[in-house]
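Residue strings, one per chain:
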Amino acid sequence: MNDSSSARPAAVLDVWCELQCPDCRSALDDLRALRARYGDRLELRLRHFPLEKHKHAFAAAQAAEEATEQGQAWPYIEAVLGRVEELNRQGEPFLVEVARELGLDAEEFDTALIDGRHILIVDADQAEGKAIGVTGTPTYVIGGERLDGGKSQEGLRERIEEITDRLLAEQEA
């Protein structure tokens with residue numbers, strides 16, 4: 001008997017995001033509220049969708065992957081998103097500085113940005129996003145439904161909660 005169901009979250013929310021995006025920053029409160037409400041029953045997965053208009057977004061996506069490897073994905077993502085203006089002004093040195101502030105291995109961040117070890121993950125996310133119709137950030141995908149938050153966040157958390165509640169109910173039935 002395979003009882004892996006208890007280890008896996010009941011619902012997965014893919015968040016197509018980029019770390020230089022002010023709209024993604026305003027989505028942080030919703031993401032925090034969703035994490036608080038569902039805990040580990042809802043897996044939030046950051047998916048990278050750097051936009052060309054933001055010149056540091058691609059490097060920021062790579063840095064987020066390094067933070068994930070060092071076990072600090074969400075603290076790092078929230079720290080960078082909370083200070084998009086500094087990222088706009090300072091670029092890559094800011095990404096390394098945030099890692100240092102969080103007690104991560106900043107030298108490893110610097111090296112990762114130079115050697116491009118996370119580029120394939122970022123490229124794969126972006127390609128998948130384009131394939132499913134993501135055009136801007138934030139975009140959410142849950143239960144097969146795509147919700148575009150790039151134009152307005154209005155009502156999105158409620159819709160995500162409706163879908164999550166339905167998915168959880170289906171799992172328990």
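Enquirer: Quick question: what am I supposed to make of the nonpolar core here?
Expert: One broad rule of soluble globular proteins: the nonpolar side chains tend to lie buried together. If you look at the biggest cluster of nonpolar residues, it comprises 45 residues, and the most contacted ones within it are Leu 13, Tyr 76, Leu 95 and Tyr 140. For Leu 13, the contacting residues outside a window of four places in its chain are Leu 31, Leu 34, Leu 42, Glu 43, Leu 44, Arg 45, Tyr 140, Val 141, Ile 142 and Ile 160. Ranked by size, the runner-up nonpolar core spans 5 residues in total, among them Phe 49, Leu 51, Val 134 and Val 141.

Enquirer: Explanation requested: the confidence of the model for the protein in the structure shown.
Expert: Do not read the predicted coordinates in detail wherever pLDDT is low. Across the protein, the average pLDDT comes to 91, with 94% of residues at or above 70. For residues 1-6, every residue scores under 50 in pLDDT, and the model assigns this stretch 0 contacts once sequence neighbours within four places are set aside.

Enquirer: I would appreciate a short explanation of helix H6 (residues 106-115) in the present structure.
Expert: For an α-helix, 3.6 residues make a turn, and residues three or four places apart therefore share a direction. Within the span of H6, buried status applies to Ala 106, Phe 109, Ala 112 and Leu 113. The arc enclosing the buried residues of H6, seen along the axis, measures out at 115 degrees, which places them on a common side. Of the exposed residues in H6, those oriented more than 90 degrees away from the buried face are Glu 107 and Ile 114. Contacts from the buried residues of H6 go to helix H2 (57-69), helix H3 (73-81) and helix H5 (92-101). Measuring from the backbone nitrogen of Glu 107 back to the side-chain oxygen at the start of H6 gives 3.2 Å, which picks out Asp 105 as the cap. Of the residues trailing H6, Gly 116 is marked for its positive phi of about 65 degrees.

Reading the values: rules and limits
Residues numbered from 1 in each chain as written. Predicted model: local features only at pLDDT ≥ 70, side-chain atom pairs only at ≥ 80, totals over all residues. Heavy atoms only, no water. Core = buried A, V, L, I, M, F, W, Y, C linked by side-chain atoms within 4.5 Å. Buried < 20%, exposed > 50% of the residue type's maximum accessible area, 1.4 Å probe, protein only. Contact = heavy atoms within 4.5 Å. pLDDT = per-residue confidence, 0-100. Helix = DSSP H or I, 4+ residues; strand = E, 2+ residues; numbered from the N terminus. Arc of directions from axis to C-beta. Polar contact = N/O pair within 3.5 Å; in protein donor to acceptor, adjacent residues only side chain to side chain.

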